[in-house]
Amino acid sequence: MRYEKWYQKNTASLGGKVAVVTGGNSGIGFCAARGFLYLGARVVLACRNEARAAAAREQLLGEFPQGVVETASLDLADNASIDAFSLEMGERYGKIDIFLHCAGVYYPREAKTKDGLPMTEGVNTWGTLRLAKAMLPFMDDSCRMIFTTSLVDRFGKEQCPVGEGYAAYARSKYLLSAFVLRSARARAAGEPLFIATHPGITATSLLSPEKTTHKPLFSRLGHAFLYLFTHAPEKAALTAVLAAAGKVPNGACIGPRGIFGISGYPHHTAFCKNVCRRAAKKVALSNDENEKNTCADAPSVLY
Ligand SMILES: NC(=O)c1ccc[n+]([C@@H]2O[C@H](COP(=O)([O-])OP(=O)(O)OC[C@H]3O[C@@H](n4cnc5c(N)ncnc54)[C@H](OP(=O)(O)O)[C@@H]3O)[C@@H](O)[C@H]2O)c1
């Protein structure tokens, strides 16, 4: 196992625990799932594509033949799928010890969820929050709900043109980070720990033209640049592993400890000012009609 010494020093066993990972078939989610499996958890890969989920499961079982890896269907761009998935999780497992929200997208051009929201914000923020709320009945104060945000949350603006692109991605993570902080502060008895992680920067399929609307040349150049100059997805995923199996309090924000938080081993870091301001607002709604409509789906602690 890569980073074995780090694991020995910083993590506890996850034996006997159920760990669900959204986007567990790819990139950071896949690497986090591998880490959870290594620590003994029963791992559930929550994925939108059955074939990719099955391939990831096979790869993990190849590495950990004694491990338990299951898959479940989840499309965060479809409210009906989110609702069906959460019911299934409750029926299958009863209690979810660790829930890692890792699935995310970055669409550069117009795309919509099944429910008509802009895709990037629809998946990264509103789908994720709807799912978080739906999972709360299956988690208690011994559990951890972990969210994957981004360094770019600090550049998220309250208002941005509805649609896709960098501004929408930054805003989706800004709102998500604010949600985590606010939920952690308002955490009621019996609720899980709310923890934010950001992986720094790493080369994954986030810019893949097959999965999004990125142009192939941009995607290839972007991927090559990130591959050369940033850390590996396995290392980026250590932030999630620490959040799940390390000594981490409610409301923690975990990110890489290297320069500008771009790479390196994970450490406790702080939410940026922008996010703190948003989290402190009494009324969390913006004037955006989409947001107003979908805020009803967010965990009640937010509002
Ligand atoms: N890479 C970075 O530098 C970086 C930096 C900061 C934050 N992040 C965040 O890290 C998380 C993981 O991204 P990654 O870099 O590992 O990219 P990735 O390899 O593309 O992984 C994204 C995962 O999300 C899944 N997903 C996308 N849309 C979904 C939907 N509608 N429903 C369910 N699952 C969906 C993807 O499934 P498919 O395989 O089927 O597409 C994939 O498993 C994201 O939240 C991303 O925003 C990444």
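Before reading on, note that the structure itself is shown above.
Given the structure is predicted, the values throughout are model-derived calculations rather than measurements.

Rules used in this analysis
- Residues numbered from 1 in each chain as written.
- Predicted model: local features only at pLDDT ≥ 70, side-chain atom pairs only at ≥ 80, totals over all residues.
- Helix = DSSP H or I, 4+ residues; strand = E, 2+ residues; numbered from the N terminus.
- Rg over C-alpha atoms; globule rule 2.2 N^0.38 Å.
- Contact = placed C-beta atoms within 7 Å.
- Pairing = 2+ DSSP bridges.
- Axes fitted to C-alpha atoms, helices over the stretch in contact; angles between N-to-C directions.
- Near = placed C-beta within 6 Å.
- Nonpolar A, V, L, I, M, F, W, Y, C, P; charged D, E, K, R; others polar.
- Core = buried A, V, L, I, M, F, W, Y, C linked by C-beta atoms within 7 Å.
- Buried ≥ 20, exposed ≤ 12 C-beta atoms within 10 Å, placed from the backbone.
- Right-handed = clockwise from strand over helix to strand, strands pointing away.

### Examining the overall build of the chain
Step number 1: Scanning the chain from N- to C-terminus turns up eleven helices and eight strands.
Step number 2: Over its C-alpha atoms the chain spans a radius of gyration of 18 Å, differing by no more than 12% from the 19 Å that the globule rule assigns to 303 residues.
Step number 3: In terms of overall dimensions, the chain has C-alpha extents of about 50 × 50 × 35 Å along its principal axes.
Step number 4: Sequence separation of at least 24 residues holds for 71% of the intrachain contacts in the chain that already meet a minimum separation of 6.

### Here we look at the sheet that holds strand β4 (residues 98-101)
Step number 1: Taken in spatial order, the eight strands of this open sheet run β3-β2-β1-β4-β5-β6-β7-β8, and their pairing is mixed. At either end of the open sheet lies a strand with only one pairing partner, and these are β3 (68-73) and β8 (266-269). Neighbour-to-neighbour, the strand axes of this sheet turn through a mean angle of 25°, independent of strand direction.
Step number 2: Pairing of strand β2 (residues 42-47) with β3 involves six bridges; the strand directions are parallel. Within β3, the residue paired with Cys-47 across the bridge is Ser-73.
Step number 3: The strands touched by helix α9 (residues 238-245) are β1 (18-22), β4, β5 (144-148), β6 (193-197), β7 (253-256) and β8; relative to β5, the strand with the most contacts, the crossing angle is about 165°.

### Considerations on the site of the ligand
Step number 1: Taken together, 30 residues surround the ligand, and among them Gly-23, Gly-27, Ala-103, Gly-104 and Thr-204 come closest.
Step number 2: The element best represented in the shell around the ligand is helix α2 (residues 27-38), accounting for three residues.
Step number 3: Across the shell around the ligand, the residue classes break down as twelve nonpolar, 14 polar and four charged.

### Some words on the nonpolar core
Step number 1: Ranked by internal contacts, the top residues of the largest apolar core, which has 86 residues, are Ala-19, Ala-32, Phe-36, Leu-100 and Ala-244.
Step number 2: In contact with Phe-36, not counting residues within four places along its chain, are Leu-14, Ala-19, Ala-41, Val-43, Ile-98 and Ala-244.

### Thoughts on the pairing of β7
Step number 1: Here β6 runs beside β7; their pairing, made up of two bridges, is parallel. Bridge pairing in β7 links Ala-196 to Cys-253.
Step number 2: Where β7 and β8 come together, four bridges link them in antiparallel fashion. Paired with Cys-253 across the two strands is Thr-269, which belongs to β8.

### Re the pairing of β1
Two faces, one strand: in a regular strand the side chains alternate between the faces of the sheet.
Step number 1: Of all five residues making up β1, five are buried, and the element is well covered by its neighbours.
Step number 2: Both faces of β1 are covered, namely the face carrying Val-18, Val-20 and Thr-22 and the face carrying Ala-19 and Val-21.
Step number 3: As paired strands, β1 and β2 are joined by five bridges and run parallel to one another. Looking across to β2, one finds that Val-21 is bridged to Leu-45.
Step number 4: Handedness of the crossover joining β1 and β2 through α2: right-handed.
Step number 5: When β1 meets β4, the two strands line up parallel, connected through three bridges. Directly across from Val-20, in β4, lies its bridge partner Phe-99.

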